[in-house]
Amino acid sequence: MSIAPMSSPSLAPWQQTLRRLALAVLAAVLSLGLVACDGGSAKAPPVIDPEAMAVIERQTEGLLTAKARLGDLAALVNDRNWVFARNLIHGPLQEVGREMLYINQRLLPADRAEANARANRLKDAFAELDEAARLQDGDRLRKDYIAVASAFGTYLEVIPAEALSAAEANLAAAAEGPSGLVPIAEGESLPIEAPAAG
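Heads up: these notes are all about the structure in this document. Please read all numbers here as calculations on a predicted model, not as lab measurements. (Residues numbered from 1 in each chain as written. Predicted model: local features only at pLDDT ≥ 70, side-chain atom pairs only at ≥ 80, totals over all residues. Heavy atoms only, no water.)

**What about the overall build of the protein?**
Across its full length, the protein holds 8 helices and 0 strands. From first element to last, N terminus to C terminus, the protein shows the α and β order α-α-α-α-α-α-α-α. Across the 198 residues in the protein, those meeting the buried criterion constitute 27%. Nonlocal contacts in the protein, meaning residues at least 24 apart in sequence, comprise 73% of its contacts between residues at least 6 apart. For the protein, the exposed surface amounts to about 13900 Å²; the carbon and sulfur share of it is 59%. (Helix = DSSP H or I, 4+ residues; strand = E, 2+ residues; numbered from the N terminus. Buried < 20%, exposed > 50% of the residue type's maximum accessible area, 1.4 Å probe, protein only. Contact = heavy atoms within 4.5 Å. Areas by Shrake-Rupley, 256 points an atom, 1.4 Å probe, with all protein chains shown as cover.)

And the structure:
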């Protein structure tokens, strides 16, 4: 038993033209609909949310404070003061690693790999400097100090400019001291009352 194929009735030329026109209109409507729903190919660049930026700013203040201590470290390196150089590295400068970790976690995902690499270079430079101080190797200590200072500057380049400038402004304001207070002149003293016996 064989089934005969269905034959389509032949369409009149005006019907074929109408059919083509309807398909063209349908294709145009679908194309415009897809383009309109696309939302545009130019997306806004990702931004760090304000809460994360505030954390970056606070941690950057700590980094800048530590960077300011590099002058003290340089003096200790030049004096070949092994013990105090190591104390400075393990004391006030020890927080640098933690501060960089907090900053790196809040950077944009695209920037984190480079920030982590730069942070690791700085931590490695600190470790080499500490080892040079432990070994009391003056030449190596000077060379490793230069590596620390360079790695510090390189790491600061990954911090968003907004956070870096705000941190610098906050530190400058803190250095000026609280407003409205009158400094005590040299040689003056504040009256101290004895506690009431009771």
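Let's pick the thread back up.
**Points about the nonpolar core**
Across soluble globular proteins, you tend to see nonpolar side chains buried next to one another. The biggest cluster of nonpolar side chains holds 42 residues, and the ones touching the most others in it are Leu63, Leu73, Phe152 and Ile159. Elements represented by at least two residues in this core include exactly helix H2 (50-68), helix H3 (70-78), helix H4 (82-90), helix H5 (96-106), helix H6 (109-135), helix H7 (138-156) and helix H8 (161-176). The greatest single-element share of this core, amounting to 8 residues, is contributed by H6. Those residues in contact with Leu73 that sit more than four places away from it in its chain are Ala85, Leu88, Ile89, Leu93, Leu129 and Tyr145. (Core = buried A, V, L, I, M, F, W, Y, C linked by side-chain atoms within 4.5 Å.)

**Focus: the environment of Arg98**
Its location among the elements puts Arg98 in helix H5. Residue classification places Arg98 among the partly exposed residues on the basis of a relative accessible area of 35%. Remark: the alpha-carbon pair of Arg98 and Gln59, spanning 39 residues in sequence, is separated by 8.8 Å.

**Let's talk about the side chain of Glu99**
Within the element layout of this structure, Glu99 appears in helix H5. No salt bridge is formed by the buried Glu99; the nearest opposite charge belongs to Arg98, separated by 4.2 Å. With residues near it in sequence (within four places) discarded, Glu99 still touches Gln59, Gly62 and Leu63. (Lys, Arg positive; Asp, Glu negative; His and termini not counted. Salt bridge = Lys/Arg side-chain N within 4 Å of Asp/Glu carboxyl O.)

**Side note on H4**
Among the residues making up H4, those that are buried are Trp82, Ala85, Leu88 and Ile89. Buried residues of H4, viewed axially, fall in a sector of 130°; they line one side. On its buried side, H4 packs onto H3, H6 and H7. (Arc of directions from axis to C-beta.)

**Thoughts on the packing of aromatic side chains**
Applying the stated rule across the entire model yields 1 aromatic pair. Residues Phe126 and Phe152 carry aromatic rings whose centres are separated by 6.4 Å and whose planes lie at 80° to one another, so their mutual orientation is edge-to-face. Within this pair, whereas Phe126 is found in helix H6, its partner Phe152 is found in helix H7, the two being separated by 26 residues in sequence. When sorted by exposure, Phe126 lands in the same class as Phe152, which is buried. (Phe/Tyr/Trp six-rings, centres within 6.5 Å; stacked < 30°, edge-to-face > 60°.)

**Quick word on the environment of Ala132**
Residue placement: Ala132 occurs in helix H6. When the C-alpha positions of Ala132 and Trp82 are compared, they lie 8.7 Å apart, and in sequence the two are 50 residues distant. Discounting chain neighbours no more than four positions away, the residues touching Ala132 are Asp137, Arg140, Leu141 and Asp144.

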